[in-house]
Amino acid sequence: MTKQYVEFTTDKRFIRRARALKTIEAMVRMYCRGSGHRERAPLCPQCAELMQYARRRLERCVFGDAKPNCADCVVHCYSADMREKVRTVMRWAGPRMLLRHPILAITHMLDERRPVPTLPARPAPRSAQDQRR
Ligand code: SF4
Ligand SMILES: [Zn+2]
């Protein structure tokens with residue numbers, strides 16, 4: 001079967017991930033500007049790298065649109081150094097979000113109250129599927 005690829009930021013099935021992307025983008029932008037980083041276009045190279053990394057993680061999130069907030073996740077797919085960087089951004093931008101981006105901040109807080117999914121079951125290995133036929 002041919003695999004289907006869709007652009008998650010514009011596909012209604014992926015609204016939650018699209019919102020998570022908007023939230024992290026807003027936080028990184030605020031952090032970069034507020035911390036006076038140089039060479040912003042609109043992000044400095046370090047923040048742009050972090051943003052690109054976060055976007056890739058979201059695109060490949062094993063939970064799809066049922067994803068929890070990354071801070072609550074049982075998988076934690078970020079590398080240790082990127083996780084530390086994103087935590088620094090969250091610590092700085094988190095308290096400012098309610099004023100600057102109230103809707104994103106409130107939906108993020110509501111997401112925090114939702115149950116956190118456990119790891120999705122892996123599909124059976126190909127050989128096991130063949131044996132069942
Ligand atoms: S940390 Fe968890 S929720 Fe966040 S992108 Fe990675 S797997 Fe998905
Ligand atoms: Zn920056």
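From a predicted model like this one, the values you see are computed outputs, not experimental measurements.

Cut-offs and rules
Residues numbered from 1 in each chain as written. Chains lettered and ligands numbered in written order. Predicted model: local features only at pLDDT ≥ 70, side-chain atom pairs only at ≥ 80, totals over all residues. Near = placed C-beta within 6 Å. Nonpolar A, V, L, I, M, F, W, Y, C, P; charged D, E, K, R; others polar. pLDDT = per-residue confidence, 0-100. Contact = placed C-beta atoms within 7 Å. Core = buried A, V, L, I, M, F, W, Y, C linked by C-beta atoms within 7 Å. Buried ≥ 20, exposed ≤ 12 C-beta atoms within 10 Å, placed from the backbone. Helix = DSSP H or I, 4+ residues; strand = E, 2+ residues; numbered from the N terminus. Expected span 1.5 Å × (residues − 1). Arc of directions from axis to C-beta.

Quick word on the site of ligand 1
Then comes step 1: Taken together, 13 residues surround ligand 1, and among them C61, C70, C73, V75 and C77 come closest.
Then comes step 2: Residues belonging to the shell around ligand 1 are distributed by class as follows: 10 nonpolar, one polar and two charged.

What about the confidence of the model for the protein chain?
Then comes step 1: For the protein chain, the mean per-residue pLDDT works out to 84, and 80% of the residues sit at or above 70.
Then comes step 2: Low confidence marks residues 3-10, where pLDDT is under 50. Its contacts with residues over four positions away, or in another chain, come to seven contacts.

Notes on the nonpolar core
Then comes step 1: With 18 residues, the main nonpolar core has M27, V28, Y31 and C47 as its most contacted residues.
Then comes step 2: Secondary structure elements with two or more residues in this core: α1 (15-34), α2 (45-59) and α3 (80-100).
Then comes step 3: Setting aside its immediate chain neighbours within four residues, C47 contacts V28, Y31, C32 and H37.

Description of unusual backbone geometry
Outside of glycine, negative phi angles account for most residues, and trans bonds account for most peptide bonds.
Then comes step 1: P42 follows A41 through a cis peptide bond whose omega is -5°.
Then comes step 2: Structurally, P42 is set in the loop between α1 and α2.
Then comes step 3: Here H76, not a glycine, exhibits a phi torsion of approximately 55°, which is positive.
Then comes step 4: Position of H76 relative to the elements: it lies in the loop between α2 and α3.
Then comes step 5: Judged by C-beta crowding, with 11 C-beta atoms within 10 Å, H76 ranks as exposed.

Overview of α1
Then comes step 1: Here α1 contains 20 residues, and its C-alpha end-to-end distance of 28 Å stays within 8% of the 28 Å for a straight helix at 1.5 Å per residue.
Then comes step 2: Buried within α1 are the following residues: R16, R17, A20, T23, I24, M27, V28, Y31 and C32. Viewed along the axis of α1, the buried residues span an arc of 155°, placing them on a single side of the element. More than 90 degrees from the buried face of α1, the exposed residues found are I15 and G34.

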